[in-house]
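Chain residues, written in single-letter form:
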Amino acid sequence: MNVKMRTVNTSVQKKDAKALVTGKPVFTDDLAPGDCLIVKVLRSPHAHALIGQIDTEKANKVDGIVCILTYQDVPNKRFTMAGQTYPEPSPYDRLILDQRMRFVGDAAAIVAGETEEAVDHAMRLIKVDYEVLEPVLDFRKAKDHKVLIHPEDNWESLCPVGADNRRNLCACGGEEHGDVNELLEQCDYVVEQVYHTKANQQAMMETFRAYSYLDAYGRLNMVASTQVTFHVRRILAHALDIPKSRIRVIKPRIGGGFGAKQTVVAEVYPAIVTMKTGRAAKIIYSRYESQIASSPRHEMEIRVRVGADKNGILQAIDVYTLSNTGAYGEHGPTTVGLSGHKSIPLYRTPRAFRFAYDVVYTNCMSAGAYRGYGATQGIFAVESAINELAEKIGMDKVKIRELNMVREGDIMPAYYGETLNSCALDRCMARAKEMMEWDRKYPSVDMGNGKVRGVGVAMAMQGSAISGVDVASVELRLNDDGFYTLMIGASDMGTGCDTTLAQVASDCLECDLDQIVVHGTDTDVSPYDSGSYASSTMYLTGMAVVKACGEMRDKILDKGAEYLSCEKDTLEFDGSRVWQPAGGLEISLKDIGNKVMCSNNNMLSAGASHTSPVSPPPFMVGMAEVEVDKETGEAELIDYVAVVDCGTTINPNLARIQTEGGLAQGIGMALYEDITYTDKGQMIQNSFMQYKLPSRLDVGNIRVEFESSYEPTGPFGAKSIGEIVINTPSPAIADAIASAVGARVRELPITAEKVYREIK
Amino acid sequence: MQIEFTLNGRLIYEETSDDETLFHLLRRKGCYSVKCGCETENCGLCTVLVNGVSRLSCSYLAARADGCDVVTLEGAQKEAEEFGSFLAAEGAEQCGFCSPGLIMNVLAMEKELDSYEEENVKEYLAGNLCRCSGYMGQLRAVKSYLSRGENRNEC
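This structure is a prediction, so every number in the text was calculated from the model and none was measured. (Residues numbered from 1 in each chain as written. Chains lettered and ligands numbered in written order. Predicted model: local features only at pLDDT ≥ 70, side-chain atom pairs only at ≥ 80, totals over all residues. Heavy atoms only, no water.)

Some thoughts on the sheet that holds strand S2 (residues 10-15) of chain B
Residue and element names in this part refer to chain B.
Then, number 1: If you trace the five strands from one edge of the open sheet to the other, you get S2-S1-S5-S3-S4, paired in mixed fashion. Two strands bound the open sheet, and with one partner strand each, they are S2 and strand S4 (53-56). Neighbour-to-neighbour, the strand axes of the sheet open up by a mean angle of 40 degrees, direction not taken into account.
Then, number 2: Of the pairings in the sheet, the one linking strand S1 (residues 2-7) to strand S5 (residues 69-71) comprises two bridges and is parallel in character. Bridging from a neighbouring strand, Leu 7 pairs with Val 70 of S5.
Then, number 3: Packing against the sheet, helix H3 (residues 99-112) makes contact with strand S3 (47-50), S4 and S5, and its axis sits at approximately 40 degrees to S3. (Pairing = 2+ DSSP bridges. Helix = DSSP H or I, 4+ residues; strand = E, 2+ residues; numbered from the N terminus. Axes fitted to C-alpha atoms, helices over the stretch in contact; angles between N-to-C directions. Contact = heavy atoms within 4.5 Å.)

Below you can see the structure in the form of structure tokens.
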């Protein structure tokens, strides 16, 4: 099919925009039945403990309390909350309620009652006897620690990821290409440094929430704020030990996800209450719970060794990542891979690379999936190391990248051996340099008032879907009067994929956008889709739309031939009619849509699945300009320039907003957002009072442009945009501060105190 | 206790407890546009107008609304649609969960500020957090909205 772009690459408004801006009740808690039981979780005050007795007698007597569940009331069958394709790489290390508490905030009991007041009252009356155990809080000491986080016999790892619960290991592994040590020894310049990133919270504005009820068939219906409806169905079946056929999962509008909702954080609690009581039940996480017991970024410590010859040509890169998965292993074995696989391949020149890693359990909150998914951490480390190497050589930091960056047509040994078919990284760099006026500002300008402005640079990549794993499916139906229903399994979580996928369909079917009605997602109705994560939605689901539309066009021609009583190959379909250029016959799409509703044996329905053997990387260059106060170390972000190659921008406005939003999140990670624990394992930044999200006063001026390449395996040449956008701020801002005042901070966030201590 | 107040133009009598927040009462009365993002007065999602002034309903006792005029987005649909169209034109509503609170505060700002200089606007809206948009699209929308019907750009 050879179609022109009419709707694609235009900034149409989101289909749900009006409902959203007028505050219509379209989110999970707006839709929950009024008689829902209120469900809350009683949480452990100890980082590591065994529960002895739980006395619920008094609590059960509270007026309005309907059910209190403890570890004795749940299936003793371990599962993972990670929303991944089965068999999940994340180990099966959870129970809905366990006797062992593994972090402060771990679930000790589930309480359900008629009102929030009753539940709160009952929670205060539950008496839990804890046998407090020594916690493992330092992830550098967790591997082979004498204290085991998961000593249980029914812990299970389904995939060969190097997991060993007897060593506190959630995963380990590595790979080497060429002789790294020998090449580094021959290098004229070598940098070896350690970088540390924290367990940042996604902090989507809508906290975790879900409600459940039994339908007319006695099946468990779950309405959840999730990115992974089909994974929720499977995970609930595992957790509750019931058949998947007894579960239906529905996703309404979602108030942001950023990966947080790729983990089934809250759904099991109302689900088990509904199964036990037969009543509708809902859980709404407080911000406090969302901060202390959720699915944040994996804290990582990354050691980088990188060397160059006398001309600044890179010879070898060596990356070792230690990742802290916390109490449970959700996304532990997979996030760590990206710290190497999405950082090392940014450079084409190294003749050798090595990437090794350990992922350890600790008694901290379990980590999960967060936009960037390990790439963010790895890129902070590798890009910072490249900047330090440039300083050592005495070379401009743009120059070192121009000499070494990956280029279109390259084969990337550190990226699964894939060939790079689309890459405008060089153009992104050239444009960013112009926009920032790099040559004028680099490295720094003394403002003469005790403040110095500096500029910094970083490059980034990500993937587009998980190659050979992710599956996207759509179904397309023609209805009367010739409008279409596009059923998708991908989850629009605010990003706008209901609209952008309709844009793709609209061009493939040569019709107006309003002719496409999008439905998603409901596991009883939608075709299977692994879900909206791993930067997969446009690249994969978009291609499934292209395929389904092709099939639909063919079926429309079949029907046209039948109704016009002529040969199909004499006909054409132009979006509004089937017609015969030679003979003048024609029938409108509207008439076909109406005619098939009477005396018809062929349903005008098309369905397609799509998976991809490759994961084409989008690319990006970010440049930061900061102003640093030499006396206090305080750094203010003045300007941020970003140029992105995501392939074709299906909707330029939405791609821009993705970029600006991801940059702001990345700026928060770079400068403000910290997660720390007391020596008893209590997380300190447990509200927005302590966990500082950037406000509109903190993000400076963000300027975004696109330099598009054309990806031949993507819909209309598109790759992905969702995740890559968070990857440049940390290294670029760290570098800008170093350029300004010589303070190289290698641990995030880069606070004034850390800068001050490093100012020479 | 019983309180009496005007909610979106309608006088209502409502039973409330000493510790009920205005946020809870409003949701109880079906004003589902009002969202809660933090419970600690940091995010601005629960913003409503009390006697024309922006208030964070998550930390405002319902009892204090006694005798007041309370407006939520349900009572400002025309204005919401108007400003909302500028937001949507930028794609800046994104997930939309913070939109009602932002819009209420923009409406308050429009009345309260004498000058729509960019710095004033940013400062006025600083309490409205958004995790999706990075704020730039919202700023573009606010600027276009405030200068609608004019040939010149005020900020």
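Section: the environment of Met 412 of chain A
Then, number 1: With respect to the element layout, Met 412 of chain A can be found in strand S16 (residues 411-412).
Then, number 2: Leave out the neighbours within four places in its chain, and Met 412 of chain A touches Pro 345, Val 406, Gly 417, Glu 418, Leu 420 and Pro 617 of chain A.

Side note on the interface of chain A and chain B
Then, number 1: Taken together, the 55 residues of chain A in the interface contact 51 residues of chain B.
Then, number 2: Both sides together, the interface formed by chain A and chain B hides about 4000 Å², and carbon and sulfur atoms give 57% of it.
Then, number 3: When the buried area of chain A at its contact with chain B is split by residue, Val 21, Met 205 and Arg 696 of chain A rank highest and sum to 23% of it.
Then, number 4: A salt bridge links Lys 35 of chain B to Asp 30 of chain A; its shortest N-O distance comes to 2.7 Å.
Then, number 5: Where chain A meets chain B, there are 21 residue pairs in polar contact (both at pLDDT 80 or more). (Buried area = accessible area lost by both parts, 1.4 Å probe. Salt bridge = Lys/Arg side-chain N within 4 Å of Asp/Glu carboxyl O. Polar contact = N/O pair within 3.5 Å; in protein donor to acceptor, adjacent residues only side chain to side chain.)

Comments concerning the state of the cysteines
Then, number 1: Inspection of the entire model under this criterion finds zero disulfides over all chains.
Then, number 2: Lacking any disulfide linkage, Cys 159 of chain A is separated from the closest cysteine sulfur, that of Cys 170 of chain A, by 11 Å.
Then, number 3: Free of any disulfide, Cys 43 of chain B has its nearest cysteine sulfur in Cys 38 of chain B, 3.8 Å distant.
Then, number 4: With a relative accessible area of 3%, Cys 43 of chain B lands in the buried category. (Disulfide = S-S within 2.5 Å. Buried < 20%, exposed > 50% of the residue type's maximum accessible area, 1.4 Å probe, protein only.)

Here's the deal with the domain arrangement of chain B
Residues and elements named next belong to chain B.
Then, number 1: Per the domain assignment, the segments of chain B are domain 1 (2-74) and domain 2 (76-146).
Then, number 2: A separation of 20 Å is found between the C-alpha centroids of domain 1 and domain 2.
Then, number 3: Counting from both sides, the interface comprises 14 residues of domain 1 and, opposite them, 15 residues of domain 2.
Then, number 4: Taken together, the two surfaces of domain 1 and domain 2 that pack against each other cover about 1300 Å², and 65% of this comes from carbon and sulfur.
Then, number 5: Taken together, the connections running from domain 1 to domain 2 amount to zero salt bridges.
Then, number 6: In this structure, the connection of domain 1 to domain 2 is made through seven residue pairs in polar contact (both at pLDDT 80 or more).
Then, number 7: Residues belonging to the side of domain 1 that touches domain 2 are distributed by class as follows: six nonpolar, six polar and two charged. (Domains from an automatic or database assignment. Nonpolar A, V, L, I, M, F, W, Y, C, P; charged D, E, K, R; others polar.)

Side note on the pattern of salt bridges
Then, number 1: Using the criterion set out here, one finds 77 salt bridges over all chains in the structure.
Then, number 2: Taking the shortest distance from any N to any O, the salt bridge between Glu 81 of chain B and Lys 18 of chain A comes out at 3.6 Å. You can see Glu 81 of chain B sitting in helix H2 (residues 77-90) and its partner Lys 18 of chain A sitting in helix H1 (residues 17-21), one on each of two chains.
Then, number 3: Exposure remark for Glu 81 of chain B: the relative accessible area of 38% places this residue in the partly exposed category.
Then, number 4: Between Lys 719 of chain A and Asp 645 of chain A there is a salt bridge, with the nearest N and O atoms lying 3.0 Å from each other. One end of the pair, Lys 719 of chain A, is in the loop between strand S29 (701-706) and helix H18 (729-741); the other, Asp 645 of chain A, is in strand S28 (residues 635-645), with 74 residues separating them in the sequence. Across the pair, Asp 645 of chain A and Lys 719 of chain A agree in class, each one buried.
Then, number 5: Within this structure, Lys 14, Asp 16, Arg 253, Asp 492 and Asp 498 of chain A form a network of salt bridges that share partners.

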